[in-house]
There are 2 protein chains.
Amino acid sequence: MAARKGLVIVYTGDGKGKTSASLGAAMRALGHGWRVLIIQFFKGDWPVVYGELELAKKLYPQFEVLQLGKGFVKIMGDKKPFDAHVDAAREALKIAREKMLSGDYDLIILDEVNYALGYMDFKLLEPSDVIEFLKQRPPKVHIILTGRNALPEIIEMADLVTEMKEIKHPMKKGIPAQQGIDF
Amino acid sequence: MAARKGLVIVYTGDGKGKTSASLGAAMRALGHGWRVLIIQFFKGDWPVVYGELELAKKLYPQFEVLQLGKGFVKIMGDKKPFDAHVDAAREALKIAREKMLSGDYDLIILDEVNYALGYMDFKLLEPSDVIEFLKQRPPKVHIILTGRNALPEIIEMADLVTEMKEIKHPMKKGIPAQQGIDF
């Protein structure tokens, strides 16, 4: 019998809770002594300190968080050349692969990677690169991918997929994003 | 201008990620120095140690987790009288109210409370009790309610609602629940 593969989990959809759910999954895994890596594809230069990263610093040595993306692409005042985003996303995936193959992690979270695969008009990563990454994972390494608009080929490869669907959002009622809840 | 009310957030739906998302929200809030209370309505005598609670013990003094429910109702070998479940759920809501009104918490998570409001054939709490609870919340206290099948009157009161929709689940492929991922 082949060794059981770790699970591929996808949190997608337009609703709030995708990154939170992966963070909760990280906490649960850490509580069991797992070694967890989070790679954030889009929060590299978001100008606030994330609460969860503040927490991470106080947490276990086996919890690593890398912010490797170049921030939002073409919105929120982004003026960086598109290639800089592409390079950053490819570099992030490369590092993720090295870390995955090192055997040092039980759970690897690629936060917002779906977004890098082609949200709106740009595409920072090729689907085949991410699929290859998933195929290369060692037995027992679990992978979580987050971000809206997960591609069908990613969903096809996943064991567990939850769509976070927005039913109601406070910003639509004119309530601004707030520290502690939204970031 | 009236003081801004804290948000009422609902994570509902049949997909995985509701409790994880609320746990992630708790982590984010704790990272900002908020005082967080989680009340679990249904995990009181589930026979495993939850990873997230192991973690919680190592966390901040301002993080409290109370397991007040009596476990699953009429499934998973439950043989307790129905009244015992009703009493436990009511007591849990009463304690939640006392804690909320104490001013000692910024974020209170009622985990699986939707389930207590009437999943399948039983109902442990009256919707009016939970609605009353929400109306009584002090300014700036945020509440998260989780559990599938959130009632329309709860959704009506909420500021943010995400439906976690199951697209794919490993148990349907014959992969059993596993420690570190599912509990």
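1. Remarks on the overall build of chain A
1) Next: Tallying secondary structure elements over chain A gives six helices and six strands in all.
2) Next: Here chain A holds 183 residues, and the buried ones make up 47% of them.
3) Next: At a minimum sequence separation of 6, the contacts of chain A that also span at least 24 residues come to 81%.

2. Re the nonpolar core
1) Next: Within the largest apolar cluster, 102 residues are counted, with the highest numbers of intra-cluster contacts made by A:Ala26, A:Val36, A:Ile108, B:Ala26, B:Val36 and B:Ile108.
2) Next: Leaving out residues up to four positions away in the same chain, A:Ala26 has contacts with A:Val36, A:Ile38, A:Leu107 and A:Ile109.

3. A word on the sheet that holds strand β5 (residues 142-146) of chain B
1) Next: Strand order across the open sheet formed by twelve strands is β3(A)-β2(A)-β4(A)-β5(A)-β1(A)-β6(A)-β6(B)-β1(B)-β5(B)-β4(B)-β2(B)-β3(B), with mixed pairing between neighbours. The open sheet is flanked by β3 (63-67) of chain A together with β3 (63-67) of chain B, the only strands paired with a single partner. Pairwise comparison of adjacent strand axes, ignoring direction, gives a mean angle of 15° for this sheet.
2) Next: Note: strand β2 (residues 36-40) of chain B against strand β4 (residues 107-111) of chain B, five bridges, orientation parallel. In the strand pairing of β4(B), B:Ile39 is matched with B:Leu110.

4. A word on the relation of the copies chain B and chain A
1) Next: Expressed as a screw transformation, the operator carrying chain B onto chain A has a rotation angle of 180° and an axial translation of 0.0 Å, and the superposed copies differ by an RMSD of 0.0 Å. Taken together, these values place the two copies in the relation of a two-fold axis.

5. Concerning the interface of chain B and chain A
One frequent convention defines the size of an interface as the accessible area lost when the parts assemble.
1) Next: The interface of chain B with chain A comprises 42 residues on the first partner and 42 residues on the second.
2) Next: The set of elements that each furnish at least two residues to the side of chain B that touches chain A consists of α1 (18-31), α2 (51-58) and β6 (160-168) of chain B.
3) Next: Broken down by element, the side of chain B that touches chain A gets its largest block of residues, eleven residues, from α1(B).
4) Next: Sheet topology places strand β6 (residues 160-168) of chain A next to β6(B); seven bridges connect them, and they run antiparallel. Within β6(B), the position partnered with A:Thr162 by the bridge is B:Glu166.

6. So, helix α3 (residues 82-101) of chain A
Residues and elements named next belong to chain A.
1) Next: With 20 residues, α3 should reach 28 Å at 1.5 Å per residue; the first-to-last C-alpha distance of 29 Å fits that figure.
2) Next: The complete set of buried residues in α3 reads His 85, Ala 88, Ala 89, Ala 92, Leu 93, Ala 96 and Met 100. Down the axis, α3 shows its buried residues gathered within 130° of arc, on one side only. Exposed residues on α3 whose side chains face more than 90 degrees from its buried face are Asp 83 and Glu 98.
3) Next: In this structure, the buried residues of α3 make contact with β2 (36-40), β4 (107-111), α4 (113-116) and α5 (127-135).
4) Next: Downstream of α3 by one or two residues, Gly 103 has phi in the positive range, about 80°.

7. A closer look at the pairing of strand β1 (residues 8-12) of chain A
Residues and elements named next belong to chain A.
1) Next: The buried count for β1 comes to five of five residues, which makes it a mostly enclosed element.
2) Next: The alternating pattern of β1 places Val 8, Val 10 and Thr 12 on one face and Ile 9 and Tyr 11 on the opposite face, and all of these are buried.
3) Next: The sheet contact formed by β1 and strand β5 (residues 142-146) spans four bridges and is parallel. Bridged to Val 10 within β5 is Leu 145.
4) Next: Here β1 pairs with β6 via four bridges, running parallel.

8. Quick word on unusual backbone geometry
Residues and elements named next belong to chain A.
1) Next: Non-glycine residue Glu 112 carries a positive phi angle of around 70°.
2) Next: Turning to its location among the elements, Glu 112 is positioned in the loop between β4 and α4.
3) Next: Judged by local crowding, Glu 112 falls into the buried class, with 24 C-beta atoms found within 10 Å.
4) Next: Despite not being glycine, Asn 149 shows a phi value in the positive range, around 55°.
5) Next: The topology assignment puts Asn 149 in the loop between β5 and α6 (152-157).

What counts as what
- Counting restarts for each chain: residues are numbered from 1 in the order of the written sequence.
- Labels follow written order: the first chain is A, the first ligand is 1, and so on.
- In keeping with the predicted nature of the model, local features appear solely for residues at pLDDT of at least 70, side-chain atom pairs appear and are counted solely at 80 or more, and the whole-chain, interface and lining totals rest on all residues.
- Note on conventions: DSSP H or I runs of at least 4 residues are helices, E runs of at least 2 residues are strands, and numbering of each starts at the N terminus.
- With C-beta atoms placed from the backbone, a residue is labelled by how many other C-beta atoms lie within 10 Å of its own: buried for 20 or more, exposed for 12 or fewer, partly exposed between the two.
- In this description, any two residues whose backbone-derived C-beta atoms lie within 7 Å of each other are considered to be in contact.
- To form a nonpolar core, buried Ala, Val, Leu, Ile, Met, Phe, Trp, Tyr and Cys residues must be joined through C-beta atoms within 7 Å.
- Any two strands with at least two DSSP-identified bridges between them are counted as paired.
- Throughout, an axis means a line fitted to C-alpha atoms (over the contacting stretch in the case of helices), and angles, computed between N-to-C directions, take values from 0 to 180 degrees.
- For this overlay, a least-squares fit was computed on C-alpha atoms, restricted to residues scoring pLDDT of at least 70 in both copies.
- Multiplying 1.5 Å by the residue count of a helix minus one yields the expected span of that helix.
- Directions from the helix axis toward the C-beta atoms define the arc.

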